[in-house]
Amino acid sequence: MSVNIRIQHALKKYGSNVIIPDLNLDIREGEFFTLLGPSGCGKTTLLRMIAGFNSIEGGDFYFNETRINDLDPSRRNIGMVFQNYAVFPHYSVRKNVEFGLTNKHMPKSQIHTQADRFLKLMQIDGLADRMPDRLSGGQQQRVALARALCIEPQVLLMDEPLSNLDAKLRVEMRTVIKHIQHDVGITTVYVTHDQEEAMAVSDRIAVMNGGVIQHVGTPKNLYQRPANLFVANFIGRSNQMQGKMVIENGQTMVVLPNGNKVAIHNVRPECAKEQDVIISLRPEELLLSRDASAGLIRAKVDDAVFLGLNTHYFVTMETGEEA
């Protein structure tokens, strides 16, 4: 059975060094929830607080209505997948997957049946008798995931599980993880610094910086309506320039750096007033044209990088700003 995870006013510090000052979060039952942010932002620290591996200096952590602050990690009914897989080198694939069930002293026949289920689910049943040193990185990660799920935990915690894999295998494994999680329906908290990976697997994402949650939302919401400049820059690419919002004949307009104006139709009423603004533009929303009369901003192309599906252009605008 999956659980809802509630975190209220979490505080984490080492001596006088505050890592997480005051964090509130609600993770829904059965949700694939990702903690995303740069290195050192506190996402792994928060994950380890949920797991019980880090002390909690303040606040309350709940699985449904059960407060888990003082609950021993072994009694929290969690499955954990680590960055380095942590597959036991002296055990076969089957023995690795059965490890948690053996520690629960389940009957041997039940252990075998349960392990078979997850070996097949992870498509490693043909490797059951193989030792870890004869497995690829992707196969080892499948073993680690099968072992974590085999005990049927209430919560699955994953800490940068794909960072040691090559680019092609990362894409393959993130698809596997997403499908398995949805099939099993377990509440999953996933930590990564890779925004593309987070966008691909998550139901919702919390973007963190400096121990503070900047924005919680769906991948689409974060990308199209970022809460602030940090989120806009961290999720995808963004071009920024200074501008001004004005109201003309009841219509909200944004004045570009070169003086040209663009009508904006989706501004919230409380924000529709004359003010200085920062304009954030996604690269795919911009079109290049040799016809100077057709554009709003004149610019000079300095460089172009061909990336197969896309070509990235680097330009200097007439105002001197680079994009």
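Quick look at the structure, then.

So, how was this worked out
Residues numbered from 1 in each chain as written. Predicted model: local features only at pLDDT ≥ 70, side-chain atom pairs only at ≥ 80, totals over all residues. Heavy atoms only, no water. Helix = DSSP H or I, 4+ residues; strand = E, 2+ residues; numbered from the N terminus. Buried < 20%, exposed > 50% of the residue type's maximum accessible area, 1.4 Å probe, protein only. Contact = heavy atoms within 4.5 Å. Pairing = 2+ DSSP bridges. Axes fitted to C-alpha atoms, helices over the stretch in contact; angles between N-to-C directions.

1. Regarding the side chain of Asn-54
Mapped onto the secondary structure, Asn-54 falls in the loop between helix H1 (43-51) and strand E4 (58-63). Take Asn-54: its relative accessible area is 14%, and that puts it in the buried class. In this structure Asn-54 touches Lys-12, Tyr-14, Thr-45, Arg-48 and Met-49, once residues within four positions along its chain are discounted.

2. Side note on the sheet that holds strand E13 (residues 261-263)
On the basis of which strands lie adjacent, the open sheet formed by 4 strands has the order E13-E12-E11-E14 and antiparallel pairing. Pairing within the sheet leaves two strands with one partner each, and these edge strands are E13 and strand E14 (275-281). Averaged over all pairs of adjacent strands, the angle between strand axes in this sheet comes to 40°, irrespective of strand direction. Note that strand E12 (residues 251-255) and E13 share 3 bridges and pair antiparallel. Looking at the pairing, Met-253 lines up with Ala-263 of E13.

3. A closer look at H1
Summarising burial for H1: 7 of the 9 residues are buried, a large majority. All of the buried residues along H1 are Lys-43, Thr-45, Leu-46, Leu-47, Met-49, Ile-50 and Ala-51. Immediately downstream of H1, the backbone of Gly-52 shows phi near 95°, a positive value.

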